[in-house]
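Below, each chain spelled out in residue letters.
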Amino acid sequence: MPTIIACFKWVIDEAYIRRGFSGDLDFSSVDYKISDYDRNAIEEAVRLKGSHGGSVIAMTVGTPEATKGVKDALSRGPDQACFIADADFNKLEPSQTAAILADVIRSRIVNYDLILCGEGSSDLYAQQVGARLAEHLEIPCISFVQKVDIDGGQVVAERRVEEGIEIVAAPLPALVTVLPEINVPRIPGVKDTLTASKKPVMTIRKGDLAPLGGARLQTVGMTAARMDRICEKFGTEAAEITRFVDALRKKAVIS
Amino acid sequence: MAGIWIFAEKREQALELLNIGRRLAAKTGTAVSALLPGNPDAARDYIAHGADEVLLLPPLAADQSCEAYLPVIVEEAKTADPDVFLCAATPRGKELAARIAARLETGLCSSCIALNYDEGGKNLEMERIAYGGAAIQKVTCLTRPVMATIPPRTFEPVTAEAGREGHIRKLPAPPPSRVRVLERKVRTRETRDITEAKVVIAVGRGFEKPEDLALARQLADALGGEIGCTRPISEENHWLPQELCIGLSGIQIKPDLYLGLGVSGQIQHVTGIRNAKVIAAVNKDENAPIFGVADFGIVGDLYDAAPKLLQELKRGS
């Protein structure tokens, strides 16, 4: 029966980010969430367990505050969690996150069959951690997956490519990154939350890991995206509709 | 030969990357090498379009996909040691780039939308979209090669130049990848390509029934445009095909006119229209975020406004 690892990231909910006066980002009233597509990864891991048995480990790298995310993840059906935490882990870039996950999986999770990741995180959407992790572990990688199943010793997946869809197979263990179309993540109930708090969590600290390599990508600026638009409003009365269409004609975008 | 490397699955993407490649090469006095998968006949064409060297990747067996090239590309990159390596940000291109970056132990700027050398001409500063479109992240890469994936249609394709010369070199065939393709389903386009449309009418959640999309189609017909949609319309309601979904995880468009009907203006969607010349919108919620990013907004029910708009357009033309 398969052991499935579902990776997730506890991220700032981008809907709460405000634009500051000087074009900076105002994070003062933000809330956090499990990154959108990672919820699909967790759901899919639990769904596969439902049809094939086995167990699901939810795994994350983050700051100690991400403990809320660990509880949230466990309320979605995984059997246990692996929480790699350090106060410095809010500034990791994809190559570092992948290296940390690989280190922990190699050293502490002996027999795994499938690793599921979201296609990209809702905050930085670099879409690198899954693919890089597969390289570190030297296992096959299948990305942009909208349907997945385990068939004997292999994973079979439908992935989206430029021209349409490819149905591919790879021997286990393998890593799959999923698109949101793959399932509809559950909304955990009160009972799920209560059960989650009783599930085992393996907490790993920075000191338990191999020394972390330096960042290869450096963020030198993070500013609010500018959309300088006219922002003129119109009503629906006849005269207003005429004025609206005239405005478009003046801009020469319609004839 | 150190310099600028480019990799794309398709010719049109390669021409866009060659455009950036030529610009960067001119700045740093280096050459441009293009990896060409599959068809060696295109090598001359790539040279005419700015490649100084074309590295031919041999055609793959039927059950192989372009990730199979990974070990060959990595080996060649280790030998040639390029300064910059750009890949087209197609699904397979993104995966391949991340895996190449992992093997070369270097950084990668994903979905890069702008890249320029800093004043000293040493560091390549790259911009990308973050937080679902709310922010622009600027990054530099501290290791070699500097890698980036470039979304298709972000840059103009390069134009051909007569009399250009270049080398063509064959790279070895890769061993078979462990990922085998069992079946390919080529998407038959149910619709026209809206990335080229001058006018795009976007359908949002304000529409109550799929039949009502006729309103959007009539407006598109009246304006000589095409229709697109927000993610919920294609992915949750399945009222329109996925290739019409506009946004960060869908397609990015740059029409002369974008008109959103019943579109709330979630940042992920807005990111797909930021390069539209004029953004217009109809929404009954005065506080909908779309009005903050629109040039012209009608505050009102689309079921009231759209027929009136149609009438006005017919009257005026």
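Let me begin by describing the structure that accompanies this report.

About the thresholds
- Residues numbered from 1 in each chain as written.
- Chains lettered and ligands numbered in written order.
- Predicted model: local features only at pLDDT ≥ 70, side-chain atom pairs only at ≥ 80, totals over all residues.
- Helix = DSSP H or I, 4+ residues; strand = E, 2+ residues; numbered from the N terminus.
- Buried ≥ 20, exposed ≤ 12 C-beta atoms within 10 Å, placed from the backbone.
- Contact = placed C-beta atoms within 7 Å.
- Pairing = 2+ DSSP bridges.
- Axes fitted to C-alpha atoms, helices over the stretch in contact; angles between N-to-C directions.
- Right-handed = clockwise from strand over helix to strand, strands pointing away.

Structural notes on the overall build of chain A
Here comes step 1: Along chain A, the regular secondary structure elements total six helices and 15 strands.
Here comes step 2: Along the first, second and third principal axes, the C-alpha atoms of chain A reach 70 × 40 × 40 Å.
Here comes step 3: Buried positions account for 45% of the 255 residues belonging to chain A.
Here comes step 4: Partitioning the contacts of chain A with sequence separation of at least 6, the portion at a separation of at least 24 is 70%.

Remarks on unusual backbone geometry
Here comes step 1: Following A:Leu172, the chain continues into A:Pro173 via a peptide bond in cis, with omega recorded as -5 degrees.
Here comes step 2: Here A:Pro173 is to be found in the loop between strand 11 (164-171) and strand 12 (174-178).
Here comes step 3: With omega at -15 degrees, the peptide bond leading from B:Arg144 into B:Pro145 counts as cis.
Here comes step 4: Mapped onto the fold, B:Pro145 is located in the loop between strand 8 (135-141) and strand 9 (146-150).
Here comes step 5: The residue A:Ala252 is not glycine, and still its phi comes out positive at about 60 degrees.
Here comes step 6: Along the chain, the position of A:Ala252 falls in the segment after helix 6 (238-250).
Here comes step 7: Judged by the 11 C-beta atoms lying within 10 Å of it, A:Ala252 falls in the exposed class.

Brief notes about the sheet that holds strand 11 (residues 180-186) of chain B
Here comes step 1: Across the sheet, which stays open at both edges, the ten strands sit in the order 13(A)-7(A)-6(A)-1(A)-8(A)-12(A)-9(A)-10(A)-11(A)-11(B) with mixed pairing between neighbours. The open sheet has two edge strands with one neighbour each: strand 13 (201-205) of chain A together with strand 11 of chain B. Neighbouring strand axes in the sheet, compared pairwise and without regard to direction, differ in orientation by 25 degrees on average.
Here comes step 2: Alignment of strand 1 (residues 3-7) of chain A against strand 6 (residues 55-62) of chain A, held across five bridges, turns out to be parallel. The partner of A:Thr3 across the bridge, within strand 6 of chain A, is A:Ser55.
Here comes step 3: Strands in contact with helix 4 (residues 129-137) of chain A are strand 8 (114-118), strand 9 (141-151) and strand 12 of chain A; relative to strand 9 of chain A, the strand with the most contacts, it is inclined by about 65 degrees.

Remarks on the environment of B:Arg44
Here comes step 1: Topologically, B:Arg44 is positioned in helix 2 (residues 43-48).
Here comes step 2: Separated by 41 residues in sequence, B:Arg44 and B:Phe85 place their C-alpha atoms 21 Å apart.

Concerning the pairing of strand 1 (residues 3-7) of chain B
Residues and elements named next belong to chain B.
Here comes step 1: Burial analysis of strand 1 places five of its five residues in the buried class, the great majority of the element.
Here comes step 2: Bridge count for strand 1 against strand 2 (residues 31-37) is five bridges, and the pairing is parallel. Bridging across to strand 2, Ile 4 finds its partner in Val 32.
Here comes step 3: For the crossover from strand 1 across helix 1 (residues 11-28) to strand 2, the handedness is right-handed.
Here comes step 4: Two strands pair when backbone bridges link them, and strand 1 and strand 4 (residues 84-88) are joined in this way by four bridges, in the parallel orientation. Within the sheet, the bridge partner assigned to Trp 5 lies in strand 4 and is Phe 85.

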